[in-house]
Amino acid sequence: MTAISSQAPTAAQGEPLVVLDHVEKWYGDLHVLQDINLSIKRGEVVVVIGPSGSGKSTLCRTINRLETIGSGTITLDGQALPQEGKALAGLRAEVGMVFQSFNLFAHKTILENVMLGPVKVRKSSKADAEKRATELLDRVGLAKHAPKYPSQLSGGQQQRVAIARALAMEPKVMLFDEPTSALDPEMIKEVLDVMVDLAKQGMTMVVVTHEMGFARTAADRVVFMADGQIVEEGTPEEFFTHAKSERARDFLGHILKH
C-alpha cells in the first residue's frame, strides 16, 4: 500500500475550512444538536467521540447537508452550504463521505464504482477517470481487485474502495461516519491504516469513531460530545490524560476498561 497523496491545499494550511456557528437541530421534540460551534482548519484531523446518541453522526452529516439544521450556519471554504439543486450537488462534490455501510453499487465493478463520480459529476473523461481510479485503488492496496464486484470483496476491502471512491472526487474535506463499526475486528486495521495515511498526507478530516487508538494517534484534535453538545475538546494528549469534564472522565473510564 503506497502513500496516498491528497490534492494540494488551495490556500494556506491552518485557515478555517469548515465552520459551524451556533448550529441547532431538532428531531421533533428531541434537541439533537445544541448550539454547536466548531471550526475545522485546513489540513486538520478532528475526531469526534462520545456515547451513543450524543449527536456525533448527526453533526458529521450536517456538513454536507445529508441532515438539515434548524438554525445557525455552516460554511465550507467561506461559502454557506447551499439548500438544494445544482449548488448542493456541487458542494457534495467538495465533501467526501465514508459511511458505516459501504454503499457501493453492486452491479458495477470496483473500478467502475470509483470512476462513476468523476465522470458523472466532475465531467472527467472516462480515460482520465479510469487512470485516477486505478491510481487510487493501488494506493489503498486493491488494484488487482479492480475488475471484481463488491460482493467478491471482504468488508474491509469494500470500505477501502469506498474511501478511494470519495478521494476520486478530490474533495476539500473527508467525513468519516463510524467507518469501521460494521467491520469484523481483523478488518478494522486495514481501513484505519488507509485513514492514517490520509491524515499524514494533509487531508482535512472529520472522523466519528469508537476507535480510541485512532483518535490518540491520528487526531490533531479530539471533540467530545454528549447529549447533543460539545462538552470539551483538546489535543489527544490533553483529552486522554487530563479530561476536564466529569462526563468525559466517566466516558473514558468505561471505554478504556474494555
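These numbers were taken from a predicted model, which means no experiment stands behind them. (Residues numbered from 1 in each chain as written. Predicted model: local features only at pLDDT ≥ 70, side-chain atom pairs only at ≥ 80, totals over all residues. Heavy atoms only, no water.)

### Structural notes on the environment of Gly70
Next up, step 1: By secondary structure assignment, the location of Gly70 is in the loop between α1 (56–62) and β4 (71–76).
Next up, step 2: For Gly70, a relative accessible area of 55% translates into the label exposed.
Next up, step 3: Here the alpha-carbon distance between Gly70 and Ala218, two residues 148 residues apart in the chain, equals 32 Å.
Next up, step 4: Apart from the residues within four sequence positions on either side, Gly70 is in contact with Glu24 and Lys25. (Helix = DSSP H or I, 4+ residues; strand = E, 2+ residues; numbered from the N terminus. Buried < 20%, exposed > 50% of the residue type's maximum accessible area, 1.4 Å probe, protein only. Contact = heavy atoms within 4.5 Å.)

### Here's the deal with helix α4 (residues 126–139)
Every α-helical turn comprises 3.6 residues, leaving residues that sit three or four positions apart pointing alike.
Next up, step 1: Taking 1.5 Å per residue as the helical rise, α4 with its 14 residues ought to reach 20 Å, and the 20 Å between its terminal C-alpha atoms agrees with that figure.
Next up, step 2: Listing the buried residues of α4 in full gives Ala129, Arg132, Ala133, Leu136, Leu137 and Arg139. With its buried residues spanning 155 degrees around the axis, α4 presents them on a single face. Exposed residues pointing more than 90 degrees away from the buried face of α4 are listed as Ala127 and Lys131.
Next up, step 3: Against the buried residues of α4 lie α3 (110–120) and α5 (155–167). (Expected span 1.5 Å × (residues − 1). Arc of directions from axis to C-beta.)

### Considering the sheet that holds strand β2 (residues 30–41)
The pairing of strands in a sheet comes from backbone hydrogen bonds and takes either a parallel or an antiparallel form.
Next up, step 1: Spatially, β2-β1-β4-β5 is the arrangement adopted by the four strands of the open sheet, whose pairing is antiparallel. Across the chains shown, the open sheet's two edge strands, defined by having one partner strand only, are β2 and β5 (79–80).
Next up, step 2: Across eight bridges, the pairing between strand β1 (residues 16–27) and β2 is antiparallel. From the neighbouring strand, Val19 faces β2, where its bridge partner is Ser39. (Pairing = 2+ DSSP bridges.)

### A short note on the pairing of strand β3 (residues 45–49)
Next up, step 1: Judged by how many residues are buried, β3 sits mostly within the fold: five of five residues are covered.
Next up, step 2: Taking every second residue as pointing to the same face, both faces of β3 are buried, with Val45, Val47 and Ile49 on one and Val46 and Val48 on the other.
Next up, step 3: Sheet topology note: the β3/strand β8 (residues 204–208) ladder contains four bridges and is parallel. Bridge pairing in β8 places Val47 opposite Val207.
Next up, step 4: Looking at chain direction, β3 and strand β9 (residues 221–226) are connected through four bridges and run parallel.

### Quick look at the UniProt feature "domain: ABC transporter" (unreviewed entry) in the protein
Next up, step 1: Using the residue numbers shown here, the UniProt feature "domain: ABC transporter" (unreviewed entry) corresponds to residues 18–252.
Next up, step 2: Taken end to end, residues 18–252 comprises 39% helix and 26% strand; its first and last C-alpha atoms sit 27 Å apart. (UniProt positions renumbered as here; feature names shortened; annotations may be inferred.)

### Some thoughts on helix α2 (residues 85–94)
Next up, step 1: Regarding α2, the residues found buried are Leu88, Leu91, Ala93 and Glu94.
Next up, step 2: Lining the buried residues of α2 we find β4, β6 (95–98) and β7 (173–177).

### Topic: the sheet that holds β7
Next up, step 1: With respect to topology, six strands assemble into an open sheet ordered β6-β7-β8-β3-β9-β10, the strand pairing being mixed. Whereas interior strands pair on both sides, the edge strands pair on one side only; in this sheet they are β6 and β10 (229–234). Adjacent strand axes in the sheet meet at a mean angle of 20 degrees when their direction is disregarded.
Next up, step 2: Taken strand by strand, α2 contacts β6 and β7, and its axis lies near 70 degrees from that of β6.
Next up, step 3: Most of the contacts of α5 go to β6, to which it runs at about 170 degrees, and overall it touches β6 and β7. (Axes fitted to C-alpha atoms, helices over the stretch in contact; angles between N-to-C directions.)

### Re the nonpolar core
Note on soluble globular proteins: their nonpolar side chains tend to be buried together.
Next up, step 1: Formed by 53 residues in total, the largest nonpolar core has its most connected members in Ile49, Leu137, Ile163, Met174, Phe176, Met195 and Met205.
Next up, step 2: Looking at this core element by element, the count peaks at eight residues for helix α6 (residues 185–200).
Next up, step 3: Discounting residues that sit within four places of it in the chain, Met205 has contacts with Glu44, Val45, Val46, Met174, Phe176, Met195, Leu198, Ala199 and Phe214.
Next up, step 4: In terms of nonpolar packing, the next biggest core, distinct from the first, is built from 26 residues, Leu38, Ile63, Leu76 and Val95 among them. (Core = buried A, V, L, I, M, F, W, Y, C linked by side-chain atoms within 4.5 Å.)

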